Amino acid sequence: MPARKRERPEAEIVLNAAGGGLYGRAPVQPAWLGIPRAAWPSLGFVYEEPPPVERRWEDGETYRVGRLGFKVLHCPGHTPGHVVLFEPNERKAFVGDCLFAGSIGRTDLPGGSTEQLMDSLRNKILPLGDDVAVYSGHGPLTTVGRERRTNPFLTGRYF
């Protein structure tokens, strides 16, 4: 079955400046995992060039969506340009793949750094407060407090 043509979403493309390299190379990333190019179509890895970045997020800026104001936190480690969006009034953080319930994001892929990720978690995520709900890129909802108390990467049981 041929791949469907996807239309560009009506959304602003915004990245942290450090994330542009990975974003621009998205169409070839399956090779980084050792997947032969000939197998890409059968596995669904056929990508168009990504749309151009329209704007760069800066650490600490506020990104407005309707009545919400998300504080942009540059949290490198999983990727160089990883950002977390924190809504202080709602006490919610959208952390992507830097923190999960009981684990942390991978750092073994190009641009990853365990040291940077741990620094981001300790100095950007944990200070948000134990009551903050954490929405990860995968897995169940958690809170900063639950992860502070039980996540082996944050309690010192893993390192």
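For clarity, every value in this text was computed on a predicted model and none was experimentally measured. (Residues numbered from 1 in each chain as written. Predicted model: local features only at pLDDT ≥ 70, side-chain atom pairs only at ≥ 80, totals over all residues. Heavy atoms only, no water.)

> Would you mind going over the overall build of the protein chain in detail, with residue names and values included?
Within the protein chain one finds six helices and ten strands. Considering only C-alpha atoms, the protein chain reaches an extent of 45 × 40 × 25 Å along its principal axes. Looking at the protein chain as a whole, 35% of its 159 residues are labelled buried. Residue pairs in contact within the protein chain that sit at least 24 positions apart in sequence constitute 50% of those at least 6 positions apart. Element-wise, carbon and sulfur atoms account for 54% of the exposed surface of the protein chain, whose accessible area totals about 9600 Å². Across the protein chain, the centroid of the 20 positively charged side chains sits 3 Å from that of the 18 negatively charged ones. (Helix = DSSP H or I, 4+ residues; strand = E, 2+ residues; numbered from the N terminus. Buried < 20%, exposed > 50% of the residue type's maximum accessible area, 1.4 Å probe, protein only. Contact = heavy atoms within 4.5 Å. Areas by Shrake-Rupley, 256 points an atom, 1.4 Å probe, with all protein chains shown as cover. Lys, Arg positive; Asp, Glu negative; His and termini not counted. Charge placed at Lys NZ, Arg CZ, Asp CG, Glu CD.)

> Explain the state of the cysteines residue by residue, including any values.
Summed over all chains, the structure comprises zero disulfides. C98 provides the cysteine sulfur closest to C75, a residue in no disulfide bond, and the two sulfurs are 5.3 Å apart. By relative accessible area, which is 0% here, C75 ends up buried. Owing to a relative accessible area of 0%, C98 belongs among the buried residues under this scheme. (Disulfide = S-S within 2.5 Å.)

> Go over helix α4 (residues 114-125) with me, naming the residues and quoting the values.
All of the buried residues along α4 are L117, M118, S120, L121 and I125. Around the axis of α4, the buried residues are gathered within 155° of arc, so they sit on the same side. Packed against the buried residues of α4 are β5 (83-87), β6 (92-96), β7 (99-100), β8 (103-104), α5 (144-150) and α6 (152-155). (Arc of directions from axis to C-beta.)

> Provide a residue-level description of the side chain of H78, including the pertinent values.
Note that H78 resides in the loop between β4 (68-74) and β5. For H78, a relative accessible area of 16% puts it in the buried group. Here R106 takes part through its backbone oxygen, which lies 2.8 Å from a polar atom of the side chain of H78. Apart from residues no more than four positions distant in its own chain, H78 is found in contact with D97, G105, R106, G112 and L117. (Polar contact = N/O pair within 3.5 Å; in protein donor to acceptor, adjacent residues only side chain to side chain.)

> Can you explain the pattern of salt bridges? Please cite residues and give values.
Going through the model one piece at a time under the given rule, you end up with seven salt bridges. Taking the shortest distance from any N to any O, the salt bridge between E12 and R55 comes out at 3.3 Å. Of the two residues, E12 sits in the segment before β1 (14-16) while R55 sits in strand β2 (residues 55-57), which places them 43 residues apart along the sequence. Look at E12 and you get partly exposed, because its relative accessible area is 39%. For E90, the salt bridge goes to R67, with nearest N and O atoms at 3.3 Å. In this pair, E90 is assigned in the loop between β5 and β6 and R67 in the loop between β3 (62-65) and β4, connecting sequence segments 23 residues apart. You can call R67 exposed: its relative accessible area is 66%. (Salt bridge = Lys/Arg side-chain N within 4 Å of Asp/Glu carboxyl O.)

> Pulling in residues and values, what's your account of the sheet that holds strand β10 (residues 142-143)?
On the basis of which strands lie adjacent, the open sheet formed by six strands has the order β3-β4-β5-β6-β9-β10 and mixed pairing. Both edges of this open sheet fall to β3 and β10, since each of them pairs with a single strand only. Of the pairings in the sheet, the one linking β4 to β5 comprises four bridges and is antiparallel in character. For H74, the partnering residue across the bridge sits in β5 and is V83. (Pairing = 2+ DSSP bridges.)

> Describe a nonpolar patch on the surface, naming the residues involved and giving the relevant values.
Together, V28, W32, L33 and L109 give the surface a local cluster of nonpolar side chains, amounting to about 310 Å² of exposed area. Positionally, L33 belongs in the loop between α2 (29-32) and α3 (40-43). On the basis of relative accessible area, L33 is assigned to the exposed category, the value being 52%. (Patch = residues over 30% accessible without salt bridge, like charges linked within 9 Å, V, L, I, M, F, W, Y side chains within 5 Å.)

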